[in-house]
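Residue-level listing of the chains:
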Amino acid sequence: MKHPDDDNELFNRLEAEMADPAAPSGGEVVDLGKARTARGESADPAPDPSADSGPSQSADPEPTESADGRPTPVDSTVPTVSGPGVIDRIKNSKRLDVFPAWLKSGAEFREALGWLAGHAWHTVAFHAVRVPVVYLPKLAWRAPRGALNTLGRVGRWSVDAEGEALRQYTATNEQVDEYLKLSRQRDRRVRLRMILTVLGGLFALAMALFLVYGAEPVTQLIAAAVAVLGFGLAGAPADAPLATRAVIKTEVQKLTSDIVVKAMASIGIGQIASAVAKGQDGIKFVSPITREGPGWRADIDLPLGVTVADVADRRSRLASGLRRPLGCVWPDADPNEHEGRLILWVGDRDLSKTGIVKWQLASARRHDIFKRNPFGIDPRGRAQSVPMIQHNILIGSLPGQGKTASVRVLACGAALDPSVELWLHENKGTGDLDSLECVSHRFVSGIDDDSIKYAADSLKLLRAEVMRRAGVIKKLPRDLCPDKRITRSIADKRSLKLWPLVGVFDECQNLFAHPKYGKQAGDDAEFIIKLGRALGVILILATQRPDKDSLPTGISGNVSIRFALKVAGQVENDMILGRSAYKNGVRATSFRPEIDAGNGYLAGATALPVVVRTAYLDDNATHAIAQRAHALRKAEGTLSGHALGEDAESTSGPSYDLLADVAAVVPPSENRVWNERIAARLAELRPEVYGGWKGENVTSALKPHGIKTTGVAGTTDDGERTTRRGIARDDLTTAIAERDGNRGAA
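Everything quoted here is computed from the prediction, not taken from an experiment.

Each value, and the rule that gives it
Residues numbered from 1 in each chain as written. Predicted model: local features only at pLDDT ≥ 70, side-chain atom pairs only at ≥ 80, totals over all residues. Heavy atoms only, no water. Helix = DSSP H or I, 4+ residues; strand = E, 2+ residues; numbered from the N terminus. Buried < 20%, exposed > 50% of the residue type's maximum accessible area, 1.4 Å probe, protein only. Contact = heavy atoms within 4.5 Å. Areas by Shrake-Rupley, 256 points an atom, 1.4 Å probe, with all protein chains shown as cover. Expected span 1.5 Å × (residues − 1). Phe/Tyr/Trp six-rings, centres within 6.5 Å; stacked < 30°, edge-to-face > 60°. Arc of directions from axis to C-beta. Patch = residues over 30% accessible without salt bridge, like charges linked within 9 Å, V, L, I, M, F, W, Y side chains within 5 Å. Salt bridge = Lys/Arg side-chain N within 4 Å of Asp/Glu carboxyl O. Pairing = 2+ DSSP bridges. Axes fitted to C-alpha atoms, helices over the stretch in contact; angles between N-to-C directions. Lys, Arg positive; Asp, Glu negative; His and termini not counted. Polar contact = N/O pair within 3.5 Å; in protein donor to acceptor, adjacent residues only side chain to side chain. Parallel < 35°, antiparallel > 145°, perpendicular 65-115°, else oblique. Nonpolar A, V, L, I, M, F, W, Y, C, P; charged D, E, K, R; others polar.

1. A short note on the overall build of the protein chain
- A count of helical and extended segments in the protein chain gives 26 helices and 18 strands.
- Each of the 746 residues in the protein chain was classed as buried or not, and the buried ones make up 40%.
- Considering only contacts in the protein chain between residues 6 or more positions apart, those separated by 24 or more positions represent 68%.
- Working note: accessible area of the protein chain is about 41,500 Å², and carbon and sulfur atoms make up 55% of it.

Next up, the structure:
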């Protein structure tokens with residue numbers, strides 16, 4: 001077994017030589033090649049006779065030296081175990097699927113059968129429609145020409161015209177013997193063929209006379225059809241076939257390892273290019289290139305130090321090297337492997353030419369929001385979905401790229417669950433969400449100040465609702481709510497009023513950038529995002545201007561699911577997809593305006609960001625879904641608020657400012673105060689808002705504002721001296737000053 005000190009042998013030996021009294025007093029260059037050679041030499045080398053004598057040193061070794069001053073081999077010659085054993089390697093190996101994924105998935109299998117049936121039906125219908133209006137007229141038009149062609153072929157066959165060229169050749173070259181042989185052969189052929197032609201002509205004439213004068217009309221019709229069909233086919237030009245193709249197949253070049261290697265060498269990564277220049281591949285194929293969905297998949301190990309982000313950064317170059325459209329080439333990372341494992345998927349056609357993606361719930365009767373909401377498909381044609389419970393969603397893009405259509409898909413999924421309370425705010429004023437007004441608890445569509453105020457008031461109400469729910473959850477027994485979060489069973493208990501609540505704010509930049517209501521709305525939204533996640537309160541925010549003014553950083557930094565369609569630059573990209581997304585190769589800037597409308601990067605719903613083409617619902621489809629959702633809610637008695645015609649005032653709650661309220665109950669003379677005392681004073685100040693609050697509620701409510709709780713020494717009402725959780729009033733005044741943009745405020 002290798003001694004632990006063996007790994008430091010070379011270092012110890014060189015250090016020992018430097019400390020050797022026999023060594024020269026001046027420094028010298030150490031030949032590392034000789035030092036390595038000396039590893040296998042004797043442990044007690046003879047002293048160098050040419051070395052000058054030096055002052056004697058202590059025989060005690062230095063702490064970093066070996067006791068005997070002998071060199072320790074760096075590379076052991078003793079065989080060692082290089083990795084896991086055979087059994088471990090077998091256990092850790094990846095087993096390939098016995099059956100393809102589409103065969104194991106019921107949905108994909110049904111989709112494949114549906115596509116095949118649709119393909120067959122389209123082909124049959126295509127030709128069936130054209131038979132009476134295209135094919136038959138073509139045959140009738142070409143039949144005379146076909147009859148003449150047939151008579152000409154028979155005549156040429158009868159006189160052996162095909163051999164005329166050969167006979168002329170022998171005559172021209174004065175090959176007398178050959179010419180005579182060919183002439184005798186022609187005479188024999190012509191005699192026989194003329195007899196057959198005459199007999200065939202007489203038979204055809206007899207059949208024609210019989211069909212004209214003696215046959216039944218049905219027989220005449222059949223004979224005429226056969227004649228037209230036969231002569232029509234015979235009269236077809238070579239470059240004009242009778243029938244056209246019902247489906248034109250796109251011929252796509254098969255993806256091979258040679259093509260991939262050449263393409264990877266052309267994208268400007270030095271390690272790959274230099275290896276290919278030396279006759280090597282530069283990359284390693286982990287498994288054979290296989291067919292996956294409507295494209296090809298190649299699993300590749302990149303060179304050391306090269307990451308998938310480096311390749312994704314050069315996606316356009318890679319598409320050029322593969323000679324495919326940009327929308328066909330999608331380099332992705334493998335979440336189960338190292339950072340250098342590349343999954344290169346090359347599609348048969350551009351993702352933008354996939355057409356409209358049908359939403360899986362378009363015809364569904366209902367949906368459970370606690371399950372994932374279908375959202376679209378990825379480039380490989382696989383369905384992608386979004387979890388909504390315990391998440392908040394941020395959607396951003398340039399105008400006209402499909403942002404509102406994405407909001408519709410999510411809002412319709414929530415609407416199909418009758419237990420969900422919908423609050424819809426469309427602050428563009430174009431009526432994109434009007435179809436869902438009939439199922440909304442709160443609803444507004446407009447860009448005027450009143451509409452913006454309505455949306456800001458909704459955030460205030462949602463903030464108060466989050467606080468109320470926190471108090472209710474805290475009081476629930478552990479057996480009913482062990483994780484302190486909303487579940488399906490808890491949401492179904494209508495008496496608790498903890499059903500899922502989805503607030504949609506489309507074009508939220510008009511709200512957050514508003515000079516009067518924007519600041520408070522941003523604070524409220526940040527509070528809801530941070531605390532409402534586990535309490536069943538879900539925010540869906542959509543913006544076409546993702547910057548720090550129209551989208552506060554506290555909001556963009558805390559949402560858990562992000563979807564970015566085409567954006568203008570790196571700043572907007574990272575505002576939607578998160579910090580360093582652009583650096584890591586997740587770039588929504590690569591999508592093409594209008595061409596890639598509906599395509600975007602979805603982050604947070606899967607292990608790694610994935611490109612998704614969203615499902616599309618037009619206004620008619622949205623209206624049909626809304627009517628089904630309205631019927632569900634009416635049947636189960638869950639219609640409320642705006643959907644029942646209630647006025648906005650009847651659903652609005654009190655307006656309050658938490659920080660101002662805390663400052664009001666904590667006088668300047670009280671520098672430090674317990675949170676439980678703040679809760680009691682707040683409940684006395686506004687019982688309709690803070691009733692039932694405890695110290696923990698104060699801690700949670702102040703945390704988003706940056707006010708931390710610490711141990712505060714104080715005296716109880718009984719006169720007992722103790723330390724409990726509390727805050728410092730200086731932290732409160734600082735938070736208020738920062739919020740109001742005036743640090744001098746007190």
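On we go from here.
2. Notes on helix 26 (residues 729-740)
- For helix 26, which comprises 12 residues, the first-to-last C-alpha distance of 17 Å matches the rise-based estimate of 16 Å (1.5 Å per residue) to within 8%.
- Those residues of helix 26 that sit buried are Arg729, Leu732, Thr733, Ala735, Ile736, Ala737 and Arg739.
- Contact partners of the buried residues in helix 26: helix 17 (518-531), helix 22 (658-665) and strand 18 (721-728).

3. Some words on the packing of aromatic side chains
- Following the criterion strictly, the structure yields three aromatic pairs and no others.
- When the centroid spacing of 5.0 Å and the interplanar angle of 90° are considered together, the rings of Phe375 and Phe563 count as edge-to-face. Within this pair, whereas Phe375 is found in strand 6 (residues 373-377), its partner Phe563 is found in strand 13 (residues 561-564), the two being separated by 188 residues in sequence. As far as burial versus exposure is concerned, Phe375 and Phe563 are alike and both buried.
- Judged by centre distance (5.0 Å) and plane angle (85°), the ring pair of Tyr690 and Trp693 falls under edge-to-face. Trp693 carries the same exposure label as Tyr690, and that label is buried.

4. Regarding helix 12 (residues 315-322)
- Among the residues making up helix 12, those that are buried are Arg315, Leu318, Ala319 and Leu322. Along helix 12, the residues classed as buried sweep out an arc of 100° about the axis, all on the same side.
- Contacts from the buried residues of helix 12 go to helix 9 (257-265), helix 11 (308-312), strand 4 (329-333) and strand 5 (341-347).
- Immediately beyond the C-terminal end of helix 12, within one or two residues, lies Arg323, with a positive phi of roughly 60°.

5. Details of a nonpolar patch on the surface
- There is a patch of nonpolar side chains on the surface, built from Val98, Phe99, Leu103, Phe109 and Leu113 and spanning about 480 Å² of accessible area.
- Here Phe109 is to be found in helix 5 (residues 106-158).

6. Let's talk about the environment of Arg349
- Tracing the sequence through the fold places Arg349 in the loop between strand 5 and strand 6.
- The contact partners of Arg349, leaving out residues within four places of it in the chain, are Gly327, Cys328 and Thr354.

7. Comments concerning the sheet that holds strand 18
- Taken in spatial order, the three strands make up an open sheet running 16-18-17, and their pairing is antiparallel. With one partner strand each, in any of the chains shown, strand 16 (672-674) and strand 17 (710-715) form the two edges of the open sheet. Taken over all neighbouring pairs, the strand axes of this sheet differ in orientation by 60° on average, direction set aside.
- Sheet analysis places strand 16 next to strand 18, joined by three bridges and oriented antiparallel. Looking at strand 18, one finds that Trp674 is bridged to Gly726.
- The sheet contacts of helix 23 (residues 675-685) involve strand 16, strand 17 and strand 18, and relative to strand 16 the element is tilted by about 75°.

8. Focus on the side chain of Ser451
- With respect to the element layout, Ser451 can be found in helix 14 (residues 449-475).
- In contact with Ser451, other than residues within four places in its own chain, are Asn427, Val444, Ser445 and Gly446.

9. Re the side chain of Arg442
- Within the secondary structure, Arg442 sits in strand 10 (residues 440-445).
- Within the buried core, Arg442 has no salt-bridge partner, and the shortest N-O distance to an opposite charge, that of Asp457, equals 5.4 Å.
- Polar contacts involving the side chain of Arg442 include one to the main-chain carbonyl oxygen of Tyr454, which spans 3.3 Å.

10. Concerning the packing of helix 9 against helix 10 (residues 270-277)
- Where helix 9 contacts helix 10, the two axes come as close as 8 Å, and the packing angle between them is 125°. With respect to helix 10, the element helix 9 is oriented oblique. Taken together, the residues of helix 10 that come into contact with helix 9 (itself represented by Val261, Met264 and Ala265) are Ile272, Ala273 and Val276.
- In terms of residue class, the contact of helix 9 with helix 10 is made up of six nonpolar, no polar and no charged.

11. A few points about the sheet that holds strand 10
- Strand order in the open sheet made by the 10 strands is 7-6-15-14-13-8-12-11-9-10, with mixed pairing throughout. Each of the sheet's edge strands pairs with one partner strand only, and the pair in question is strand 7 (383-386) and strand 10. Taking each pair of neighbouring strands and ignoring which way they run, the sheet shows an average axis angle of 25°.
- As paired elements, strand 8 (residues 393-396) and strand 13 share four bridges and run parallel to each other. Opposite Gly396, over in strand 13, you have Ala564 as the bridge partner.

12. Examining the pattern of salt bridges
- Applying the stated criterion to the full structure yields 35 salt bridges.
- Glu465 serves as the salt-bridge partner of Arg468, at 2.7 Å between the closest nitrogen and oxygen. Here Glu465 and Arg468 lie together in helix 14, a separation of three residues that amounts to about one turn.
- Given the relative accessible area of 17%, Glu465 is considered buried.
- A single network of salt bridges, built from pairs that share partners, joins Asp160, Glu164, Arg167, Arg189 and Arg193.

So, to be careful, I would describe these as geometric facts and stop short of saying anything about function.
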